[in-house]
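# Structural overview for review
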Amino acid sequence: LAETMLFGNQPFIADATAQALLGDGGTAKSMRDSYQQRAGRVLSLLDGKAGLRVNPPKSGMFALVDVSETGLDGYEFAMKLLTEAGVAVMPGTSFGEVTRNWIRLSLTVPDERVDEACRRIVDFAGSLTTER
């Protein structure tokens, strides 16, 4: 809002907005269906495995996963997951202290990548719980 007030609305953004409002909504429906299906995949592949608990989205393109049972908070888990398993997730602390023990997964990548990422996350989390 501040950017629009200070600099004005770009004509291409106004055109895109008008098209989105006047269109049939097919693209939005396709995206919504795809994200919902991937959220179900994440739930089935991660929830209850290696101490992970998934909070699937009611809408949107992200799923939250509680990693507290692994012994790491969300930030530690995210950093180690990236360096040790090659999977990038967002630590929950990016969204405040209440999500300190959570990570956020994107549902915008293809199914094969979601499946592979979930497999790596479970393997990584499993290695943490066996270490303890």
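Relevant structure appears above.
Procedures and definitions
- Residues numbered from 1 in each chain as written.
- Predicted model: local features only at pLDDT ≥ 70, side-chain atom pairs only at ≥ 80, totals over all residues.
- Heavy atoms only, no water.
- Helix = DSSP H or I, 4+ residues; strand = E, 2+ residues; numbered from the N terminus.
- Expected span 1.5 Å × (residues − 1).
- Polar contact = N/O pair within 3.5 Å; in protein donor to acceptor, adjacent residues only side chain to side chain.
- Pairing = 2+ DSSP bridges.
- Contact = heavy atoms within 4.5 Å.
- Axes fitted to C-alpha atoms, helices over the stretch in contact; angles between N-to-C directions.

### As for helix H4 (residues 74-85)
In this model, H4 (12 residues) spans 15 Å end to end at C-alpha, consistent with the 16 Å of a helix rising 1.5 Å per residue. Structurally, the start of H4 carries an N-cap: the backbone nitrogen of Tyr75 is 3.1 Å from a side-chain oxygen of Asp73. Looking one or two residues beyond H4, the residue adopting positive phi is Gly86, at roughly 70°.

### Topic: the sheet that holds strand S3 (residues 90-91)
A sheet is described by the order of its strands in space; here four strands give the open sequence S1-S2-S4-S3, paired in antiparallel fashion. The open sheet is flanked by strand S1 (53-55) and S3, the only strands paired with a single partner. Alignment of strand S2 (residues 62-66) against strand S4 (residues 102-106), held across five bridges, turns out to be antiparallel. Pairing of Asp66 across the sheet is with Trp102, part of S4. In the packing of helix H3 (residues 26-46) onto the sheet, contacts are made with S1, S2 and S4, and the angle to S1 comes to roughly 165°. On the sheet, H4 packs against S3 and S4 and is oriented at approximately 50° with respect to S4.

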